[in-house]
Amino acid sequence: MEAVKLKESWVDYLNRKRRPRTVERYEGVVSLWEKYCLSSGINFLEPSLVELEDFCHRSRSRHGGEVYVPSSSTVKNDMVALRGFYKWAFDRKYVCENETVLLEAPKVDNAKPKPIDDRVVWRYLRNDCWSMEHRVALGFALFNGLRSAEIGGLRVSDINFRGKRNFDLNKNFGELDISRKGGKKQTLPWLMLAYRFVEHQKTLKFPVPMEASVFYERWLLDVKALIVRAEVREFLFPWKSGDVADVMNKMHSRNMANGNLGEEMAGIHLHRFRHTFGTNMARAGFPAEAIREWMGHTDLATTMRYMDTRKLADEWLEVGPVARLVNSDADMINNIIINEKEKDGND
């Protein structure tokens, strides 16, 4: 198949599987690679790993003509786009396995979650530089482990403060209807998860319980206020679902530049709050199956990366009645999951 038709078929495939913003970025990388191949005399269908690495590490130029060296994350992201393209082509027999060594290229290293330090996360959140919309978005990522696209896709009608199903512990915790990756619908016990997250923070040896409780209460008020404000529109947030991460990153960069955030907060971004959620739930003793369900992981192996943090429990937790309460909840939720699976098996 010709290179142009091959790329067009791949883009059609991506449009059915990925968000438009992701498709645009991947297509841009492959288009630049195609031009690079033409100018360098490289066979587009038979690249070597060295040629691909040279392309990904090449110097770039901004609109003003300034030349810069790409960061390691940019290099990895470019390689992921190219690797995905050739893997798709190989699976459909458009390229032969022995014609390219690209499939040996490493994936982006997401093996270890990158949670935010408990002492830093609350200093970050309590800062007055955040608007109500920003605080609500950060809270959904931290307390419920939502991805940026899931946060941006929330509708006012998706939020219920008094649901009575799906891991409802006290029969007064609300439910949140969300759309997962791939369009899968799911209902989360969002208030229960937020409450248990804060309860777990109270078991830490560090002096964070008051900060956690204050932000939690303020967050609930912000959610209710944002619902009222958003009644005139369908979605909870005024941003497009694919723009949430960009909006938060730009606000973070602006606050860093203005000196509103400390140097220890330089590497924080929205997705790390999701990592912090998963790590805290694992550290609190909740079972992997429950965390997998809450975070929307398709593969249990992804969730197990968070379970490695359990070994930190003795170092981080005070042994007290609250810790025993959280562990009791974990045992009960585990039994609920087992019973649900047995019920599904009998149906």
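Provided above is the structure to which this section pertains.
Predicted, not measured: the structure shown is a model, and the values here were computed from it.

Parameters at a glance
- Residues numbered from 1 in each chain as written.
- Predicted model: local features only at pLDDT ≥ 70, side-chain atom pairs only at ≥ 80, totals over all residues.
- Heavy atoms only, no water.
- Salt bridge = Lys/Arg side-chain N within 4 Å of Asp/Glu carboxyl O.
- Helix = DSSP H or I, 4+ residues; strand = E, 2+ residues; numbered from the N terminus.
- Buried < 20%, exposed > 50% of the residue type's maximum accessible area, 1.4 Å probe, protein only.
- Contact = heavy atoms within 4.5 Å.
- Expected span 1.5 Å × (residues − 1).
- Pairing = 2+ DSSP bridges.
- Phe/Tyr/Trp six-rings, centres within 6.5 Å; stacked < 30°, edge-to-face > 60°.
- Core = buried A, V, L, I, M, F, W, Y, C linked by side-chain atoms within 4.5 Å.
- Polar contact = N/O pair within 3.5 Å; in protein donor to acceptor, adjacent residues only side chain to side chain.
- Axes fitted to C-alpha atoms, helices over the stretch in contact; angles between N-to-C directions.
- Parallel < 35°, antiparallel > 145°, perpendicular 65-115°, else oblique.
- Left-handed = near helix turned anticlockwise from the far one by under 90°.

(A) Quick peek at the pattern of salt bridges. Here the structure, examined in full by the defined rule, presents 11 salt bridges. One salt bridge in this structure joins Glu 34 and Lys 7, with 3.2 Å as the shortest N-O distance. Of this pair, Glu 34 sits in helix H2 (residues 20-40) while Lys 7 sits in helix H1 (residues 3-17), placing them 27 residues apart in sequence. Judged by relative accessible area, which is 15%, Glu 34 ranks as buried. A salt bridge links Glu 234 to Arg 155; the shortest N-O distance between them is 2.5 Å.

(B) Examining the environment of Gly 139 more closely. Looking at where Gly 139 falls in the secondary structure, it is placed in helix H6 (residues 132-144). When its relative accessible area of 0% is taken as the criterion, Gly 139 is described as buried. Expressed as a C-alpha distance, the spacing of Gly 139 and Arg 274, which sit 135 residues apart in the sequence, is 9.7 Å. Excluding its chain neighbours within four sequence positions, the residues that come into contact with Gly 139 are Asn 144, Phe 215 and Trp 219.

(C) Fine view of helix H8 (residues 190-201). Along its 12 residues, H8 runs 17 Å from first to last C-alpha, staying within 8% of the 16 Å computed at 1.5 Å per residue. Burial analysis of H8 places 11 of its 12 residues in the buried class, the great majority of the element. Within the sequence span of H8, burial applies to Trp 190, Leu 191, Met 192, Leu 193, Ala 194, Arg 196, Phe 197, Val 198, Glu 199, His 200 and Gln 201.

(D) Seen up close, the pairing of strand E4 (residues 175-179). Examined bridge by bridge, strand E3 (residues 159-160) and E4 share two bridges and lie antiparallel to one another. Within E4, the residue paired with Ile 159 across the bridge is Leu 176. Sheet topology note: the E4/strand E5 (residues 185-188) ladder contains four bridges and is antiparallel. Note that in E5 the partner of Ser 179 across the bridge is Lys 185.

(E) Quick peek at the sheet that holds E3. If you trace the three strands from one edge of the open sheet to the other, you get E3-E4-E5, paired in antiparallel fashion. Either end of the sheet is taken by a strand with one partner, and the two such strands are E3 and E5.

(F) Main features of the packing of aromatic side chains. Scanning the entire structure with this criterion turns up 22 aromatic pairs. Arranged with centres 4.9 Å apart and planes meeting at 75°, the rings of Phe 85 and Tyr 86 form a pair that is edge-to-face. Assessed through its relative accessible area of 0%, Phe 85 is described here as buried. Seen in terms of ring centroids, Phe 143 and Phe 197 are 5.5 Å apart; in terms of plane orientation they differ by 70°. Their pairing is edge-to-face. Highlighted residues: Phe 143 in helix H6 and Phe 197 in helix H8, separated in sequence by 54 residues.

(G) Spotlight on the nonpolar core. Counting 63 residues, the largest nonpolar core has Phe 140, Phe 143, Trp 219, Leu 236, Phe 237 and Phe 273 as its most contacted members. In contact with Phe 140, not counting residues within four places along its chain, are Gly 145, Leu 146, Ile 151, Leu 154, Ile 159, Leu 176, Trp 190, Trp 219, Val 223, Leu 236 and Phe 237.

(H) Geometry of the side chain of Glu 150. Within the fold, Glu 150 resides in helix H7 (residues 148-152). At 2.6 Å, the side chain of Glu 150 and the side chain of Arg 147 are in polar contact.

(I) Main features of the environment of Ala 245. Within the secondary structure, Ala 245 sits in helix H10 (residues 244-257). Along the primary structure Ala 245 and Ile 151 are separated by 94 residues, whereas in three dimensions their C-alpha atoms are 9.6 Å apart.

(J) Highlighting the packing of H1 against H2. Where H1 contacts H2, the axes come no closer than 10 Å and their chain directions differ by 170°. Relative to H2, the element H1 lies roughly antiparallel. Of the two elements, H1 crosses H2, and the hand of that crossing is right-handed. Note on element contacts: H2 touches H1 through Val 23, Tyr 26, Glu 27, Val 30, Ser 31 and Glu 34, opposite Ala 3, Val 4, Lys 7, Trp 10, Val 11, Leu 14 and Asn 15.

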